[in-house]
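Listed below, chain by chain, are the residues.
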There are 2 protein chains.
Amino acid sequence: MALINENYLKLPGSYLFAEIARRVAKFKEENPAANIIRLGIGDVTRPLPPAIIESMHKAVDEMADEKTFRGYGPEQGYNFLIQKIIDTDYVSRGISLDTDEVFISDGSKSDVGNIQEIFGLDNIVAITDPVYPVYLDTNVMAGRTGVLDQSGRFGKVTYLVCNAENHFKPALPEKRADLIYLCVPNNPTGTTLTRDELKVWVDYAKANQSIILYDAAYEAYIREDNVPHSIYEIEGAKDVAVEFRSFSKNAGFTGTRCALTVVPKTVMGYTTSGEKCALNKLWNRRQTTKFNGVPYIIQKGAEAVYSAAGQQQIKALVDYYMENARIIREGLASAGLEIFGGVNAPYIWLKTPNNMDSWAFFDKLLTDVHIVGTPGSGFGPSGAGYFRLTAFGSKENTLQAIERIKTKLII
Amino acid sequence: MALINENYLKLPGSYLFAEIARRVAKFKEENPAANIIRLGIGDVTRPLPPAIIESMHKAVDEMADEKTFRGYGPEQGYNFLIQKIIDTDYVSRGISLDTDEVFISDGSKSDVGNIQEIFGLDNIVAITDPVYPVYLDTNVMAGRTGVLDQSGRFGKVTYLVCNAENHFKPALPEKRADLIYLCVPNNPTGTTLTRDELKVWVDYAKANQSIILYDAAYEAYIREDNVPHSIYEIEGAKDVAVEFRSFSKNAGFTGTRCALTVVPKTVMGYTTSGEKCALNKLWNRRQTTKFNGVPYIIQKGAEAVYSAAGQQQIKALVDYYMENARIIREGLASAGLEIFGGVNAPYIWLKTPNNMDSWAFFDKLLTDVHIVGTPGSGFGPSGAGYFRLTAFGSKENTLQAIERIKTKLII
């Protein structure tokens with residue numbers, strides 16, 4: 001008899017964005033004339049920059065000619081892309097990496113979801129609360145978390161509370177934490193850690209032989225000098241941290257699919273008998289066994305991000321969204337809402353007025369002003385009473401949304 | 001302390017194709033003038049057909065325009081592609097499927113590697129021997145197999161021996177088998193099962209509440225009428241089988257990356273207490289949580305496979321490779337070698353002369369006639385004494401390779 005993985009049954013019913021889609025579809029059906037503005041899901045809206053388009057056209061043509069056609073590439077990605085990533089994003093910040101420490105993939109969601117496979121089931125997982133749901137859900141599915149209790153928490157998970165009281169800077173865990181997921185700049189709160197604050201975590205990981213799984217998908221949005229772009233800017237991080245980056249948010253690749261994961265060869269996990277084992281070797285084995293690389297055409301598109309024109313064009317893209325972030329921040333503040341984030345990130349996190357329930361505020365925003373956001377409670381128990389808006393809309397829509405909130409939302 | 005997944009340590013040292021690459025690189029270094037012909041890895045060499053190229057160019061242009069730009073698509077794939085797959089590949093054979101029973105992915109390697117995640121760890125896995133290594137290795141990594149014994153077998157795995165004696169048609173397992181991997185047409189042996197032979201497996205699965213994981217990556221190469229193109233041609237299969245298909249081998253997508261997995265809503269797994277659970281729901285949860293879909297550009301390329309021009313062009317592609325298969329089959333036979341497969345598949349499986357060891361024959365073929373093939377023993381213990389050649393080279397190289405074997409290989 002074929003048995004299922006019963007850990008899946010521990011997952012709560014519906015994935016956050018599916019539930020949002022369901023409510024929006026229902027509202028749209030009942031209000032077909034409503035002009036809904038979506039500031040909910042973290043999806044970009046600007047077209048791909050010209051340098052990337054040009055490079056992908058060339059790559060498509062190469063695939064049409066037997067002399068330049070590409071079949072299977074390296075599962076880890078082409079060196080033409082990896083070397084440019086290292087030179088531009090890392091060496092420029094004083095971080096040296098070998099090409100076999102960088103793994104190209106189809107997305108950070110895949111990588112942050114799959115990375116847990118190389119770890120044992122007895123590790124204690126620490127996640128911030130609120131959190132990007134994939135870190136938690138993939139550990140539930142693997143069987144590391146125990147079951148969901150009435151407070152919405154899994155029994156074996158260490159939750160690192162982030163709220164207005166601690167300025168969304170998690171305190172070190174009181175209980176043991178072997179695998180620590182950190183997302184800086186943070187999704188969903190849009191907040192960050194400074195170099196000094198991040199160093200505390202690296203030191204903790206070193207002292208406890210823990211691993212930091214560092215999601216830097218939003219690093220391109222950093223504007224302040226004291227916020228690190230890579231965890232490897234912190235001394236010692238190359239012994240304890242895996243870093244995830246993506247082309248989704250800096251270059252508009254959400255529908256184009258390319259990301260990367262850095263696993264320095266010096267990062268060690270341990271066997272139960274205490275022997276060291278390089279995570280690089282395990283991740284390489286995982287990727288070569290279960291993955292066949294990113295399309296050549298897409299990797300050529302990603303390569304163009306690193307041309308002079310590409311760098312200028314993606315900077316303009318990020319600037320565009322950050323102008324939206326400013327509009328949202330200043331607009332909401334002037335409407336009397338308490339807001340966080342949006343300075344080094346495309347996310348604005350707000351306290352719901354009058355301690356309103358997150359989903360109630362979602363419904364109110366949708367019904368009153370036809371704006372879709374994301375309920376904070378969807379990101380974890382400590383997100384209750386908060387709400388996320390994103391800067392990924394068009395400037396026109398963003399301006400209109402804020403105007404509606406200022407003039408029509410009764411709070 | 002961060003513990004690793006120690007199941008990884010049970011895997012034998014090096015992945016088959018990595019070892020081949022190592023030996024070829026060494027030979028090339030020592031013999032820089034040698035004109036090596038590669039009939040080893042199952043990678044295509046013909047460029048992408050014009051209809052696909054044209055469609056991808058259009059899609060790239062859509063990504064450059066904010067009015068047609070695509071961000072995140074459905075994790076399961078776009079319906080424009082799914083509907084064409086159903087209509088062309090399934091309805092035409094009398095098989096009806098709903099769009100939410102087909103999942104588009106970045107490759108069959110990913111899907112056949114990931115599918116085991118939705119199953120419990122106590123299932124007994126049955127694989128043919130020899131076998132495509134991914135089925136086995138991913139189960140080793142998950143912890144379902146026990147450890148490797150001296151014979152090269154994992155203790156808890158049910159091996160279904162396929163050899164010349166049983167015409168490469170596996171017998172039903174004597175011991176229990178909950179998850180049964182079948183690949184038809186087969187990689188590596190190039191052999192097939194008829195409808196009647198496959199029905200025996202569907203009946204077994206129904207009687208034992210087992211699941212058949214059916215890899216049909218090579219279905220486009222089927223030439224004989226009594227070989228099923230889909231397992232769903234067999235009565236009852238929609239209750240017990242998951243089917244994997246790929247654009248890699250029919251349309252040349254090995255470096256372009258697109259595949260699909262069919263999980264009918266009627267296929268059930270079981271909880272330990274015996275309750276039914278639809279695999280479709282579990283796979284959907286797996287994919288939506290850990291995957292973010294295939295690039296829009298690539299899905300548009302795959303869609304073009306189903307245009308009238310695309311269908312003609314991929315037929316020409318497959319015909320080209322099958323002509324190579326004929327050349328290899330007939331050439332090797334006339335050279336006195338005992339050969340199998342190659343009639344409904346791009347793989348020719350041969351018995352090594354004088355019961356030579358597979359790796360010894362690999363070295364001999366490389367050294368004597370500068371041809372790279374794949375040692376049968378790399379696919380499992382029962383592959384020892386066999387060897388795989390593929391039809392994916394150019395016609396010129398294939399002809400030259402066979403000429404070399406006929407005139408220069410001393411056997």
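Along each chain, numbering runs from 1 in the same order as the chain's sequence is written. Whichever chain is written first becomes A and whichever ligand is written first becomes 1, with later ones labelled in order. At least 70 in pLDDT is required for a residue's local features to be given in this predicted model, at least 80 for side-chain atom pairs to be given and counted, and no such filter applies to totals for whole chains, interfaces and linings, which use all residues. Working from all heavy atoms in the structure, the side-chain values ignore hydrogens and water.

### A short note on the nonpolar core
- Each nonpolar core is a collection of buried residues, namely Ala, Val, Leu, Ile, Met, Phe, Trp, Tyr and Cys, held together in the definition by side-chain atoms within 4.5 Å. Partly exposed residues are those whose accessible area sits between 20% and 50% of the maximum for their type, while under 20% is buried and over 50% is exposed, using a 1.4 Å probe and protein chains only. Core analysis: the biggest nonpolar cluster contains 277 residues, and A:Phe247, A:Leu279, B:Phe247 and B:Leu279 have the highest contact counts within it.
- The contact rule is simple, with two residues in contact once any of their heavy atoms fall within 4.5 Å. Setting aside residues no more than four positions away along its own chain, A:Phe247 makes contact with A:Leu81, A:Ile85, A:Gly252, A:Phe253, A:Cys258, A:Ala259, A:Leu260, A:Ala302, A:Val305 and A:Tyr306.

### A closer look at the relation of the copies chain B and chain A
- The copies were overlaid by least squares, fitting only the C-alpha atoms of residues that reach a pLDDT of 70 or more in each copy. By a simple turn and slide, chain B fits onto chain A: the slide is 0.0 Å along the axis, the RMSD is 0.0 Å, and the turn is 180°. Considering both components of the superposition, the chain copies are consistent with a two-fold axis. For chain B, the minimum C-alpha distance to the rotation axis belongs to B:His57 and amounts to 3.1 Å.
- Here 100% of the interface residues in chain B have copies in chain A that are interface residues too; the copies meet face to matching face.

### Examining the packing of helix H8 (residues 279–290) of chain A against helix H5 (residues 133–142) of chain B
- The contact between H8(A) and H5(B) brings their axes to 10 Å, and the two run at 145°. In terms of crossing hand, the pair formed by H8(A) and H5(B) is left-handed. Residues A:Arg285, A:Arg286, A:Thr289 and A:Lys290 of H8(A) lie in contact with H5(B), whose contacting residues are B:Val134, B:Asp137, B:Thr138 and B:Met141.
- Each residue gets one label: Ala, Val, Leu, Ile, Met, Phe, Trp, Tyr, Cys and Pro are nonpolar, Asp, Glu, Lys and Arg are charged, and the others, such as Gly, are polar. A per-class count over the contact of H8(A) with H5(B) returns two nonpolar, two polar and four charged. Every axis in this analysis is a line fitted to C-alpha atoms, fitted for helices over the stretch in contact. Angles between the N-to-C directions lie between 0 and 180 degrees. Where helices and strands are cited, they refer to DSSP runs of H or I of at least four residues and of E of at least two residues respectively, numbered from the N terminus. Left-handed describes a crossing whose near helix is turned anticlockwise from the far helix through less than a right angle; right-handed describes the clockwise counterpart.

### Side note on unusual backbone geometry
- Following A:Asp129, the chain continues to A:Pro130 via a peptide bond in cis, the omega torsion being 5°.
- With respect to the helices and strands, the residue A:Pro130 is situated in the loop between strand S3 (125–129) and helix H5 (133–142).
- Going from B:Asn187 to B:Pro188, the amide bond is cis rather than trans, its omega being 20°.
- One non-glycine residue, B:His167, lies in positive phi territory at about 55°.
- Tracing the backbone shows B:His167 in the loop between strand S4 (158–161) and strand S5 (179–183).

### Section: the domain arrangement of chain A
Residues and elements named next belong to chain A.
- Boundary definitions for the domains trace back to an automatic or database domain assignment. If you check the domain split of chain A, you get domain 1 (13–47 + 310–408) and domain 2 (53–307).
- Spacing between the C-alpha centres of domain 1 and domain 2 amounts to 25 Å.
- Every contact between the two is made by 30 residues of domain 1 and, on the other side, 40 residues of domain 2.
- Joining two parts hides part of their accessible area as seen by a 1.4 Å probe, and the buried area is that hidden amount summed over both. Between domain 1 and domain 2 lies a buried interface of about 2,800 Å² when both sides are counted; carbon and sulfur atoms form 60% of it.
- A per-residue breakdown of the area domain 1 buries against domain 2 is headed by Asn344, Phe379 and Pro381, which together make up 23% of the total.
- Whenever Lys or Arg places a side-chain nitrogen within 4 Å of a carboxyl oxygen from Asp or Glu, that contact is recorded as a salt bridge. Inspection of the region where domain 1 meets domain 2 yields one salt bridge.
- The partner of aspartate 319 in a salt bridge is arginine 223, and the shortest N-O contact between them spans 3.0 Å.
- In protein, a polar contact means a hydrogen-donor-capable atom and an acceptor-capable atom, both N or O and within 3.5 Å, with residues adjacent in sequence counting only if both atoms are side-chain atoms; elsewhere, any N or O pair within 3.5 Å suffices. Scanning the region where domain 1 abuts domain 2 turns up 13 residue pairs in polar contact (both at pLDDT 80 or more).
- Put simply, the parts of the chain that give the side of domain 1 that touches domain 2 at least two residues each are helix H10 (308–334), strand S11 (338–341), strand S12 (347–351) and strand S15 (386–390).
- With eight residues, H10 is the largest single contributor of residues to the side of domain 1 that touches domain 2.

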